[in-house]
Each structure stands twice: as structure tokens, then as C-alpha cells.
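One letter stands for each residue in the lines below.
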Amino acid sequence: MPYRINHIHLKASDPRKTADWYVKAFAFKIVSDETRVFGDRFVRCQSEDGTPVNISGARTNEKLGAGDARAHHGLEHFGFDSEHLETDIARLEKLGAKLLEGPIQNPGGARIAFLRAPDDCRVELVERRKIAGGSGSCC
């Protein structure tokens, strides 16, 4: 059986506010919003391509560490395709995101940019461009 991504899970100080941001920013769909037996608010979302993205707060008596949108070890970021980096960067900045790096032209063809999203989450925008001999892949 091939392995596939089951879901992405983000922790947020205000899960619904964060979910609403991803709805505006990347056209996520909110599937459900509930308080679980663990005491955390749990918002199930789905990306436009069908990837489940769960956004929840702290469980009862759970203390969450700070987010880190800087480059770091561990799960570092997740990426979104972009048709035009500058347009998407400006749009996301109006929604409260902060540009951290880029746009950067990769030798293989893709242009990328990194932004800080809500809860200090690092996201990447990937604009694939066809360049002679380039694959258009990202990092």
C-alpha cells in the first residue's frame, strides 16, 4: 500500500480565526468545528485539492510552545502553488501575513517565497515557470 498524507494539523491560539484566515487566503473549506473531549476546539478544513487540514487549540491543561516561522529543524513549512508570486504575496500581506524571504529564483525553474502566516506558521508559495531544461520543482 502506498503511503499518502493523511492530514496536516496546525495548532492555533484561536482555531476558528486561523481557519477563517486559510479560507480567505487559500480557499480552504471548513468541514466541521467542534470542542473535543480533550477540551480543545477542533476545526476540520479541506484544501482545494482535498488535503485534510485540522486546526486546533490547546487541550485541557496543555501548554503550547511558541510557533516559529523562521527556518528550523523538524516540520519547517508547507507549500502552496502560486500563479503569480508578487500578486499572492501582496494579497496575503493584506490578510496579515508577513513576507520572510523572496521571491527567490531557483536554478531549476520555480520561483519561491516564504511567509509567516497566523500562529507563526511558515508557508511557502511556489510559482512554477517553464525554463529551458528546468523541471520547475521546488525545495
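Residues numbered from 1 in each chain as written. Predicted model: local features only at pLDDT ≥ 70, side-chain atom pairs only at ≥ 80, totals over all residues. Heavy atoms only, no water.

(A) The arrangement of the sheet that holds strand β4 (residues 52-56) in detail. Here we have four strands laid out as an open sheet, ordered β1-β4-β3-β2, and mixed in their pairing. Bordering the open sheet on either side are β1 (8-11) and β2 (29-35), each of which pairs with just one other strand. Here the strands of the sheet are splayed against their neighbours by 20° on average, with no regard to which way each runs. Alignment of β2 against strand β3 (residues 41-46), held across six bridges, turns out to be antiparallel. In the strand pairing of β3, serine 32 is matched with arginine 44. (Pairing = 2+ DSSP bridges. Helix = DSSP H or I, 4+ residues; strand = E, 2+ residues; numbered from the N terminus. Axes fitted to C-alpha atoms, helices over the stretch in contact; angles between N-to-C directions.)

(B) Up close: the packing of aromatic side chains. Enumeration according to the criterion identifies eight aromatic pairs in this entry. Between tryptophan 21 and phenylalanine 26, the ring centres sit 6.1 Å apart and the planes meet at 70°, which makes this aromatic pair edge-to-face. Residue phenylalanine 26 is classed as buried on the basis of its relative accessible area of 10%. A network of ring pairs unites the aromatic residues Trp21, Tyr22, Phe26, Phe28, Phe78 and Phe80 as a single cluster. Lying over the aromatic face of phenylalanine 38, arginine 59 brings its terminal NZ or CZ to 4.4 Å of the ring centre. The ring of phenylalanine 114 carries arginine 122 above its face, with NZ or CZ at 4.2 Å from the centroid. (Phe/Tyr/Trp six-rings, centres within 6.5 Å; stacked < 30°, edge-to-face > 60°. Buried < 20%, exposed > 50% of the residue type's maximum accessible area, 1.4 Å probe, protein only. Lys NZ or Arg CZ within 6 Å of the ring centre and 35° of its normal.)

(C) Highlighting the environment of cysteine 45. Along the chain, the position of cysteine 45 falls in strand β3. Look at cysteine 45 and you get buried, because its relative accessible area is 3%. It is 7.3 Å that separates the C-alpha atoms of cysteine 45 and alanine 19, two residues lying 26 residues apart in sequence. Contact partners of cysteine 45, with chain neighbours within four places excluded, come to Ala19, Phe28, Lys29, Ile30, Val31, Thr51, Pro52, Val53 and Ile55. (Contact = heavy atoms within 4.5 Å.)

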